[in-house]
Amino acid sequence: LTYNNLYGIYTNLKGRLDFKGDEIKIKSERAYIKNNPISVDGLVKINNYLNFRLKSENANSKDLFDIVNNSVILKDVKNSLVLFNDISGKSDLNVDISADVVPVPFGEPPLPPEDAFKNLKVNGDLALNNIQVSLLGFKTPIENIKGKINFTEKTVNFSNILAHTGSSAFSISGNIVNDIKT
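Residues numbered from 1 in each chain as written. Predicted model: local features only at pLDDT ≥ 70, side-chain atom pairs only at ≥ 80, totals over all residues. Heavy atoms only, no water.

Here we look at the overall build of the protein
Put simply, the test is: Numbering of helices and strands starts at the N terminus; helices are DSSP runs of H or I of at least 4 residues and strands are runs of E of at least 2. When accessible area is computed with a 1.4 Å probe and restricted to protein chains, residues below 20% of their type maximum are described as buried, those above 50% as exposed, and intermediate ones as partly exposed. Every residue pair with non-hydrogen atoms within 4.5 Å of one another is taken to be in contact. Only the protein chains shown count as cover for residues, with accessible areas throughout obtained via the Shrake-Rupley method and a probe of 1.4 Å.
Within the protein, the secondary structure is distributed over three helices and ten strands. Looking at the 182 residues of the protein, the share that counts as buried comes to 27%. Considering only contacts within the protein whose residues lie at least 6 apart along the sequence, 44% involve residues at least 24 apart. Of the roughly 11,800 Å² of accessible surface on the protein, a fraction of 55% belongs to carbon and sulfur atoms.

Structure follows, in structure tokens:
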């Protein structure tokens, strides 16, 4: 099965959908986004709520970057990546996504993704495995980036991220907090 939507092209999907009342349980055995293996497990309550986990190991970081940049739902994450010009390397991604689904009356067309969800929460972690990043305005790329980043819809935490630029090695730790009320 192949499914093409706003967020990427999913191919070779294999799994199970269990329907019970107004719930759909999702359990993937196999799926790919741009040739990167992923797993998706979750629950969707029709016209009410969704909650699912997406996991991808050893994924192409450029593909993940492109998916975020083309996702209407992840526009806040996209806005934080504007300084990234290019990215390469491998990453492990674990994401939990939950949201309230805006009800659509029977027979009406579906809402566009940017209007279909309220109270969107995105939490997870990203393990960086020998990543290279080119930043806008900088001539020398940052290379050999290794470490783990944890994130929620309000915070990004990173500890002891190791990297090189030119002949200099460095590490970085910190956190970013978004206190803006939406």
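The structure having been displayed, the exposition proceeds.
A few points about helix α1 (residues 61–69)
Three- or four-residue spacings in an α-helix give side chains the same orientation, since the helix completes a turn every 3.6 residues. Short version of the rule: In protein, a polar contact requires one atom able to donate a hydrogen and another able to accept it; more generally it is a pair of N or O atoms within 3.5 Å, and residues adjacent in sequence count only if both atoms are side-chain atoms.
Of all the nine residues making up α1, eight are buried; the element is thus mostly covered by neighbouring parts of the structure. By the burial criterion, the buried members of α1 are Ser61, Asp63, Leu64, Phe65, Asp66, Ile67, Val68 and Asn69. One side-chain oxygen of the residue at the start of α1 lies 2.8 Å from the amide nitrogen of Lys62, identifying that residue as Asn60.

Details of the pattern of salt bridges
Using the following cut-off: Definition used for salt bridges: Asp or Glu carboxyl oxygen within 4 Å of a side-chain nitrogen of Lys or Arg.
Applying the stated criterion to the full structure yields six salt bridges. Of the charged contacts in the structure, one is a salt bridge between Asp18 and Arg16, with a shortest N-O distance of 2.6 Å. Here Asp96 and Arg53 are joined by a salt bridge, their closest N and O atoms 2.7 Å apart. Taken as a pair, Asp96 in strand β6 (residues 84–101) and Arg53 in strand β5 (residues 49–60) lie far apart in primary sequence, 43 residues in all. Its relative accessible area of 27% is what places Asp96 among the partly exposed residues.

Focus: the confidence of the model for the protein
Applicable threshold: pLDDT: the predictor's confidence for each residue, scored from 0 to 100.
This prediction gives the protein a mean pLDDT of 82; 86% of its residues lie at or above 70. Averaged pLDDT values over the elements of the protein bottom out at 47 in strand β1 (residues 3–5) and peak at 93 in strand β8 (residues 142–151).

Points about unusual backbone geometry
Positive phi outside glycine occurs at Asn58, with the angle close to 55°. Residue position: Asn58 is located in strand β5. Note on Asn58: relative accessible area 48%, which makes it partly exposed. Positioned with a positive phi, Asn144 is a non-glycine residue whose angle comes to about 50°. Position of Asn144 among the secondary structure elements: in strand β8. On the basis of relative accessible area, Asn144 is assigned to the partly exposed category, the value being 35%.

Here we look at the pairing of β8
To keep it simple, the criterion reads: Between any two strands, at least two bridges found by DSSP are needed for them to pair.
Sheet analysis places strand β7 (residues 117–135) next to β8, joined by eight bridges and oriented antiparallel. Bridge pairing links Leu128 to Gly147 in β8. Connecting β7 to the next strand, β8, in antiparallel fashion are six residues, including Gly137 with a positive phi near 90°. With six bridges connecting them, β8 and strand β9 (residues 155–165) associate as antiparallel partners. Each residue of the ladder has a partner; that of Lys146, found in β9, is Leu162. Taking the residues between adjacent antiparallel strands as the criterion, β8 and β9 are bridged by three residues.

A few points about a nonpolar patch on the surface
Condition: Without a salt bridge and with relative accessible area above 30%, a residue can belong to a patch; like charges are then joined within 9 Å and nonpolar side chains (Val, Leu, Ile, Met, Phe, Trp, Tyr) within 5 Å.
A surface patch of nonpolar side chains, amounting to about 290 Å² of accessible area, comprises Val82, Leu83 and Leu136. Residue placement: Leu136 occurs in the loop between β7 and β8. Overall, the relative accessible area of 44% leaves Leu136 in the partly exposed class.

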